[in-house]
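Letter by letter, the chains look like this.
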There are 2 protein chains.
Amino acid sequence: MPKASSGSISSENLASHLGLSDASVRRDLAYFGKFGTPGVGYKAEELKESILAVMSSQCLYRGVLIGVGNLGAALLAYKGLKLANFDIAAAFDRDPKKIGKTYGSVKILDVKELAHFIQQEGIEVAILTVPAQSAQAVADMAVAAGVKGILNFAPVNLSVPEEVLVSQIDLGIELESLLYFLRERTHSAVS
Amino acid sequence: MPKASSGSISSENLASHLGLSDASVRRDLAYFGKFGTPGVGYKAEELKESILAVMSSQCLYRGVLIGVGNLGAALLAYKGLKLANFDIAAAFDRDPKKIGKTYGSVKILDVKELAHFIQQEGIEVAILTVPAQSAQAVADMAVAAGVKGILNFAPVNLSVPEEVLVSQIDLGIELESLLYFLRERTHSAVS
DNA sequence: ACACCTTGTAAAGTTTTTTTCCAAAAAAGA
DNA sequence: TCTTTTTTGGAAAAAAACTTTACAAGGTGT
């Protein structure tokens with residue numbers, strides 16, 4: 001592994017830490033601008049600033065999280081979301097025991113207020129962490145109220161107008177995929 | 001959208017429900033065997049049986065879940081895992097308040113017993129739902145004890161021997177990706 | 001001034017994914 | 001029975017995505 005010199009780091013060095021090739025690192029960084037200096041590499045501090053600058057230059061999106069079960073609560077607690085210039089304006093649930101509570105700085109509202117809230121606040125993104133059987137109905141509500149993107153954790157194929165972007169996350173499929181590759185690997189090792 | 005005829009469904013019909021092309025559906029199904037009949041399509045009941053047969057013909061993997069926070073609890077409650085012929089043999093945590101409890105049929109044990117349990121039970125897969133700062137240490141333990149695959153939810157690049165398969169799930173990155181495409185779409189719509 | 005690094009980017013190469021195409025199989029109508 | 005229609009499975013072609021190679025241009029140190 002190449003060693004880091006004072007304050008600077010080369011694409012080769014970065015690559016070895018990330019498990020990529022030097023060319024990939026350069027290409028990916030270059031996509032957003034010129035952050036390095038030829039013959040030297042990337043100055044760590046500068047690179048960090050530049051990346052943060054690119055990320056925060058992206059316009060802010062405001063979103064709601066719908067369904068405060070275990071998974072929803074986990075996401076509310078997860079700090080990584082703010083990094084993406086994403087702001088959870090409110091969470092929604094149908095359970096009266098949860099409504100009115102606050103997770104961090106996010107308030108839990110009654111799902112009946114969802115449409116009104118989305119319209120009033122100009123919400124563009126919804127994170128769906130509701131049970132599978134309610135997912136389509138909730139998505140329909142959110143889309144009708146004006147949401148443009150959905151991050152869907154329910155194991156259901158949502159049907160939405162094509163101008164709405166859905167990103168599907170199925171934890172079961174991730175696991176199956178891992179197991180599949182494990183089996184492939186052990187099988188080919190035997191044969 | 002094509003209509004379904006009694007008991008049978010064509011690849012084109014399946015495809016339209018899944019948002020794929022007919023050819024893709026046929027190719028993907030054919031990968032595991034011949035389930036359809038030319039001129040007719042796939043008999044729904046038969047296809048379902050065949051898919052279940054393929055899935056359960058895959059050898060069973062046993063795994064442990066490490067870190068019973070909100071996310072861990074959500075996964076323990078999620079029934080989709082059993083479908084993949086995957087069995088969570090036990091969960092682990094370091095919090096004495098959680099140790100000894102039972103989620104569904106899964107018992108929560110002390111993380112100190114992790115290595116011993118993995119070896120004793122021949123566990124092959126670990127699901128990591130621990131905080132980022134403990135992820136590498138826990139992964140090291142699991143790998144040393146014999147785990148061959150890791151499903152990692154901590155936003156950390158695990159470093160493991162290359163014979164160990166790691167599947168990384170970063171919910172923050174999923175969200176960023178969604179936002180990125182949303183921005184791309186709205187920008188190109190303007191210009 | 002010269003030798004040596006290392007970036008950014010274009011071009012080439014590779015891999016993966018998707019689509020197209022068609023022989024063969026099944027059903028339905030003549 | 002024979003022909004037409006439908007639809008599969010799989011081969012071959014096409015397209016797309018991803019990686020690597022290659023190198024001019026920009027910088028550093030002697």
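With that settled, the discussion passes to the packing of helix H6 (residues 114-121) of chain B against helix H7 (residues 132-145) of chain B. All names here are of chain B. Relative orientation of the contacting elements H6 and H7 amounts to 30°, with a least axis distance of 8 Å. Overall, the two elements H6 and H7 adopt an arrangement that is roughly parallel. Crossing hand, H6 versus H7: right-handed. Seen from H6, the contacting residues are Leu114, Ala115, Ile118 and Gln119; seen from H7, they are Val138, Met141, Ala142, Ala144 and Ala145.

Turning our eyes to something else, we now look at the interface of chain A and chain B. Opposite the 45 residues of chain A that make contact, chain B presents 45 residues. Linking chain A with chain B are zero salt bridges. On the surface where chain A and chain B come into contact, there are six residue pairs in polar contact (both at pLDDT 80 or more). Among the secondary structure elements, those contributing two or more residues to the side of chain A that touches chain B are helix H4 (70-77), strand S8 (149-152), strand S9 (165-168) and helix H8 (171-190) of chain A. In terms of residues, the side of chain A that touches chain B owes the most to one element, H8(A), which gives 14 residues. Taken together, the residues of the side of chain A that touches chain B break down into 29 nonpolar, seven polar and nine charged.

All right, on to the sheet that holds strand S7 (residues 125-128) of chain A then. Residues and elements named next belong to chain A. As summarised here, the arrangement of the seven strands in space is S5-S6-S4-S3-S7-S8-S9, forming an open sheet in which the pairing is mixed. A single partner strand is all that each edge strand has here, and the edge strands are strand S5 (102-103) and S9. Bridging between S7 and S8 involves four bridges; their strand directions are parallel. By the bridge assignment, Ala126 is partnered in S8 with Ile150.

Let us look at unusual backbone geometry. Here A:Asn85, not a glycine, exhibits a phi torsion of approximately 60°, which is positive. Judged by its relative accessible area of 18%, A:Asn85 is buried.

All names here are of chain B. Taken in spatial order, the seven strands of this open sheet run S5-S6-S4-S3-S7-S8-S9, and their pairing is mixed. Strands at the two margins of the open sheet, each flanked by one partner only, are strand S5 (102-103) and strand S9 (165-168). Relative to S9, strand S8 (residues 149-152) runs parallel, the two sharing four bridges. From the neighbouring strand, Gly149 faces S9, where its bridge partner is Leu165.

Contacts to DNA strand C come from 21 residues, most closely from A:Ser11, A:Gly39, A:Tyr42, B:Ser21 and B:Arg27. At the protein interface, 58% of the atoms of DNA strand C within 4 Å belong to sugar or phosphate. At 3.1 Å from a phosphate oxygen of DNA strand C is found a main-chain nitrogen or oxygen belonging to A:Phe35. Elements that contribute at least two residues to the surface near DNA strand C include exactly helix H2 (22-30) of chain A together with helix H2 (22-30) of chain B. In terms of residue count, H2(B) provides more of the surface near DNA strand C than any other element does, four residues in total. For the surface near DNA strand C, the per-class residue count stands at eight nonpolar, eight polar and five charged.

Another aspect to go through is the domain arrangement of chain A. How big an interface is tends to be stated in terms of accessible area lost as the parts join. For chain A, the domain assignment lists domain 1 (8-57) and domain 2 (61-173). Taking only C-alpha atoms into account, the centre of domain 1 of chain A sits 34 Å from that of domain 2 of chain A.

A separate point is the packing of aromatic side chains. Under the counting rule described, the total for this entry stands at six aromatic pairs over all chains. Look at A:Tyr180 and A:Phe181: their rings are 5.9 Å apart centre to centre, the planes differ by 75°, and that puts the pair in the edge-to-face class.

Time to look at the nonpolar core. Taken as a class, soluble globular proteins show a tendency for nonpolar side chains to be buried jointly. Counting 50 residues, the largest nonpolar core has A:Phe86 and B:Phe86 as its most contacted members. The contact partners of B:Phe86, leaving out residues within four places of it in the chain, are A:Leu175, A:Leu179, B:Leu60, B:Tyr61, B:Arg62, B:Gly63, B:Leu81, B:Val125 and B:Ile127.

Take the protein's contact with DNA strand D next. Taken together, 21 residues lie near DNA strand D, and A:Ser21, A:Arg27, B:Ser11, B:Gly39 and B:Tyr42 sit nearest. A share of 59% is what sugar and phosphate atoms reach among the atoms of DNA strand D within 4 Å of the protein. For DNA strand D, a phosphate oxygen lies 3.1 Å from a polar atom in the backbone of B:Phe35. Counting residues per element, the ones that place at least two in the surface near DNA strand D are H2 of chain A together with H2 of chain B. Looking at which element gives the most residues to the surface near DNA strand D, the answer is H2(A), with four residues. Across the surface near DNA strand D, the residue classes tally to eight nonpolar, nine polar and four charged.

Our focus in this paragraph is the relation of the copies chain A and chain B. Superposing chain A onto chain B requires a rotation of 180° together with a translation of 0.0 Å along the rotation axis, leaving an RMSD of 0.1 Å. Those values place the two copies in the arrangement expected of a two-fold rotation axis. Residue by residue, 100% of the interface of chain A is reproduced at the interface of chain B, so both copies engage with the same surface.

Rules used in this analysis
- Residues numbered from 1 in each chain as written.
- Chains lettered and ligands numbered in written order.
- Predicted model: local features only at pLDDT ≥ 70, side-chain atom pairs only at ≥ 80, totals over all residues.
- Heavy atoms only, no water.
- Axes fitted to C-alpha atoms, helices over the stretch in contact; angles between N-to-C directions.
- Helix = DSSP H or I, 4+ residues; strand = E, 2+ residues; numbered from the N terminus.
- Parallel < 35°, antiparallel > 145°, perpendicular 65-115°, else oblique.
- Left-handed = near helix turned anticlockwise from the far one by under 90°.
- Contact = heavy atoms within 4.5 Å.
- Salt bridge = Lys/Arg side-chain N within 4 Å of Asp/Glu carboxyl O.
- Polar contact = N/O pair within 3.5 Å; in protein donor to acceptor, adjacent residues only side chain to side chain.
- Nonpolar A, V, L, I, M, F, W, Y, C, P; charged D, E, K, R; others polar.
- Pairing = 2+ DSSP bridges.
- Buried < 20%, exposed > 50% of the residue type's maximum accessible area, 1.4 Å probe, protein only.
- Near = heavy atom within 4 Å.
- Domains from an automatic or database assignment.
- Phe/Tyr/Trp six-rings, centres within 6.5 Å; stacked < 30°, edge-to-face > 60°.
- Core = buried A, V, L, I, M, F, W, Y, C linked by side-chain atoms within 4.5 Å.
- Least-squares fit on C-alpha atoms with pLDDT ≥ 70 in both.

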